[in-house]
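Notes for the structure review
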Amino acid sequence: MGLGLLIAPQHAQARTLFLVGGGMQSCASQNLKACERGALDPLALRQSRTQLKVALTPAALDRATGTEHWPSAEAARQARRHLATVAEAQGSDPISKADFTDALRDSEAGEQWYQGLSDAQWYTLVDRLEAIQTDRYGQRLEERVFLEANRDPHTPELVNRFAALAAQAGGKTQPGKHPVLVVMTSSARDPFEARDFYQGLFASTGAEVHWLPLDASVQSARRAHECRNLERHRQQVQGNADRARVYPQLAAAQQQLCIQPQSGLDLLARADGLFINGGDQWLTWQALRAPDGTPSDELTLIARRVAEGRLVVGGTSAGTAVQAGPVMITNGSNASALLTGPTAAPPPARDCDGSAACRGLQGDSLTYEPLGGLGLFESGITDTHFTERGRQLRLARLAAHSGQALAVGVDENTALIVQSERWQVLGQAGVWVWQTPGTTHYLQPGDEAQWRDGTLSVALANPIKEGHHDENAPLVRALSLENADYRRLADALCQSTQQQTLGQITLGERRFGALLTVNEESEFGRGPSGHCSYKNLSLKVGAVGE
C-alpha cells in the first residue's frame, strides 16, 4: 500500500525541477539503520537482498583471474594466489563484500596487494566474484524499500513531494490516477544494482514506476554501432563487468534499449516525472550528451517536456549536479579548490597522482565541464552534500573562475524546488546560494526566493532584527574544510553584534581566509533546525600574506 501523494499548489505548466542534495535516509533492506525495526515486516525482509556477497568457488576464481582481465599473466597468477588464500580460510559459501575485504587485507601480503590495485581492477574483481542471490524458487533477490518504517521524516516527505509534483504535471491529481515516474540509474558505476532501490523508493508512493536502462555505455555502443557488444562498452565506459551473469533480465532490457532507442523515447514521452540517481554526474552526462556536448535525442525530449511543464525532473547528489546550466562541476576537494584552483577537464580517476597519464591531475583535483551539464537548471551551477562537506569555498572558487553569475549548493536530505521563477526549500536543512561578485544567501524550509531576469530576491520566513556594528572587532575562528564549520561560522556571526567573521584555514604551509561581512542589505533569520538563514552576506576568499 502506497504512502499517499501529498499534493502541493503549483502554477499550471510551471517548469519544475526537484534538486536533492543527496544523503536521503531511506529505510531499505540494505540500509536497516534507517529503519524503525519494529515496523518492518520480517517475512518481507527475509525475501530481500540485504548486502552484496561474493563467492570464492573455483569457478568464481576462474572468472576473476582470467589473464584477459589483468595487465599480465603474472598479475593474474598473483591475484589467483591471494584469492585462493582467502577462499581456503573462508570456505566456498558466499560472504559479504565487507568480510571478503577484511579477509583479503588480514595478512601483510594481502594488504600490500590490495593497496596496489587500481580502482578499476578492484571493481572488476568484485563484479566477477559477485554471488547471484536467489530465493527458494530461483528468483533474484532484490533490495526492498520500506518507507513506512522510516525513522527519518524528511526522506518520505521528499519522495512523496516529488511524486505529487509529477502528478500535477501530468494532470493526475484525481483519486485513482497515478503519475508515471521514470528512474535513471546512470550515475552509478553499476546501474543494475541501483535499479531495485530507486524503483522501490518511488513505487512506495503508489506511482507507476519504470526503469530506463540508459547509461553512458549504451550511448557509446550506439555511436560505435556495437549494441551486440554492449558488455565491452559497459566495462570500458561505465566501469562494470559481468553484469549479464548477475542481472540477466536487466542486462537484456538494456541491450534491447540500445538496439531500439525509440522505446526509451516513448517511455520518456509518457513520463510525468524523471528522477536521476546519485553517484558520478560525469557518467550521466555521457548518457545524455555526445562527447562534443551535443544533446542526445533523449535529452532533447526531456528538455522540451520540462519547458512545457509536462515533465518534472528530479535528482539526488550526482543527479542534481548534472542538471547544471553553463558549467558542471565534475570532481574536486575543498583543499584542491584553494591550493590549485579549477581545471576545465574530465574528472580524473580517484587514484590519479599528477602523472602525464592523469593529465597532470591529482585524484582530488577540482575539475569542471565547460560545456555545462544537462542545462535544465539554466541559472547556474548546482552542487550537493553541501554544508555537510563544507563545500562553500569550493563552489565560490569555481563560480568566480568560470564567470558564473549564480551557483547553488543543496544540503543532504534537502531539496531545492524550482518552479519557474519561484524557489522553495524542503527537507532537513538548507540551500546555499552564491552570486557574483560574492553575495551569499542560505535558505531553509519556509524561506523563499525568486529568480527573475538575472536577479535573485530572497524572503526569509522568520527575520531577526538584532543589529551588527562595525566598531566591534571581527570574530575569528579556525575553519575546517570537510564538515559543517562554515555554517557554524555564519551562525556565530548571526548570533553576535559583530559585522564580520573570519574563518582561517591552514593547508600545509599556506593559510587562507574566508571573510563574511554584514552590509546594509544583509538579514538573518531563524530556521526550523536552529541554524540561521541569511541573505546578502558578502564572502571574500583568499590566501593570507600572498
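Residues numbered from 1 in each chain as written. Predicted model: local features only at pLDDT ≥ 70, side-chain atom pairs only at ≥ 80, totals over all residues. Heavy atoms only, no water.

Notes on the overall build of the protein chain
The condition is simple: Each helix is a run of DSSP H or I of at least 4 residues and each strand a run of E of at least 2, with the numbering of both proceeding from the N terminus. Only the C-alpha atoms count toward the radius of gyration. The rule for a globule is 2.2 Å times the residue count to the power 0.38. Throughout, exposure labels follow a simple rule: accessible area from a 1.4 Å probe, protein chains only, divided by the maximum for the residue type, with under 20% read as buried, over 50% as exposed, and the rest as partly exposed. The criterion used for residue contact is that any of the two residues' heavy atoms lie within 4.5 Å. For accessible areas, the Shrake-Rupley method is used with a probe of radius 1.4 Å. Any residue's cover is judged against the shown protein chains and nothing else. For the charge count, each Lys or Arg is scored as positive and each Asp or Glu as negative, with His and the chain ends excluded. Charge coordinates come from a single atom per side chain, which is NZ of Lys, CZ of Arg, CG of Asp or CD of Glu.
For the protein chain, the count of helices and strands is 19 helices and 24 strands. The C-alpha atoms of the protein chain give 24 Å as radius of gyration, which agrees with the globular expectation for 546 residues (24 Å, within 12%). Its C-alpha atoms give the protein chain principal-axis dimensions of roughly 75 × 65 × 50 Å. By residue count, 55% of the 546 residues in the protein chain fall in the buried class. Taking as baseline every contact in the protein chain between residues at least 6 positions apart, the subset at least 24 positions apart corresponds to 71%. Just so you have it, the protein chain exposes about 22900 Å², and 48% of that area is on carbon and sulfur atoms. In the protein chain, 51 positive and 60 negative side-chain charges are present, and the distance between their average locations comes to 4 Å.

What to know about empty space enclosed by the protein
What counts is decided by this rule: Points on a 1 Å grid over protein atoms alone make up a cavity when a 1.4 Å probe fits among them but cannot get out, and a pocket when they form an open set with protein on both sides within 12 Å along at least five of seven lines; lining residues each have an atom within 4 Å of a point. Grid points are joined across faces, edges and corners, and a volume is the space filled by probe spheres set on the points. Amino acids are sorted into nonpolar (Ala, Val, Leu, Ile, Met, Phe, Trp, Tyr, Cys and Pro), charged (Asp, Glu, Lys and Arg) and polar (every other residue, Gly among them).
Tallied over the entire structure, the rule returns four cavities of 30 Å³ or more. The space that makes up the largest cavity amounts to roughly 50 Å³. As for the largest cavity, its lining consists of Arg49, Glu130, Ala131, Ile132, Gln133, Arg140, Leu141, Val246 and Tyr247. Residue composition of the lining of the largest cavity, grouped by class: five nonpolar, one polar and three charged.

Re the layout of surface pockets
Each pocket or cavity is described by its volume, and for the second largest pocket that value is around 460 Å³. As for the second largest pocket, its lining consists of 19 residues, and the residues nearest its centre are Thr134, Asp135, Gln139, Arg140 and Leu141. Counting residues per element, the ones that place at least two in the lining of the second largest pocket are helix 1 (42-46) and helix 12 (248-259). Sort the elements by how many residues they give to the lining of the second largest pocket and helix 12 lands first, with three residues. Tallied by class, residues from the lining of the second largest pocket come to seven nonpolar, five polar and seven charged.

Structural notes on helix 12
Here is the rule we go by: To estimate how far a helix should reach, multiply one less than its number of residues by 1.5 Å. Each C-beta atom gives one direction from the helix axis, and the arc is the one those directions make.
Helix length check: helix 12, at 12 residues, gives a terminal C-alpha distance of 17 Å against a target of 16 Å (1.5 Å per residue), a fit within 8%. Regarding helix 12, the residues found buried are Leu250, Ala251, Gln254, Leu257 and Cys258. Down the axis of helix 12, the smallest arc covering the buried residues is 120°, so these residues share one side. Looking at the buried positions of helix 12, the neighbouring elements they touch are helix 8 (191-203), strand 5 (208-211), helix 9 (216-223), helix 10 (230-238), helix 11 (243-246) and helix 13 (261-270).

Quick word on the sheet that holds strand 7 (residues 312-316)
Strand pairing in a sheet relies on backbone hydrogen bonds. The paired strands run either parallel or antiparallel. We apply this condition: Paired strands, in this sense, are two strands between which DSSP finds at least two bridges. All axes are obtained by fitting lines to C-alpha atoms, using only the stretch in contact for helices, and the reported angles, taken between N-to-C directions, cover 0 to 180 degrees.
With mixed pairing, the nine strands of this open sheet are ordered in space as 5-4-6-7-1-13-14-17-18. Of all strands in the sheet, those with a lone pairing partner are strand 5 and strand 18 (455-459), marking the two edges. Across the sheet, the mean angle separating the axes of adjacent strands is 20° when strand polarity is ignored. Bridge count between strand 4 (residues 180-184) and strand 6 (residues 273-276): four bridges; the pairing is parallel. Bridging from a neighbouring strand, valine 183 pairs with phenylalanine 275 of strand 6. Across the sheet, helix 8 is in contact with strand 4, strand 5, strand 6 and strand 7; its angle to strand 5 comes to roughly 170°.

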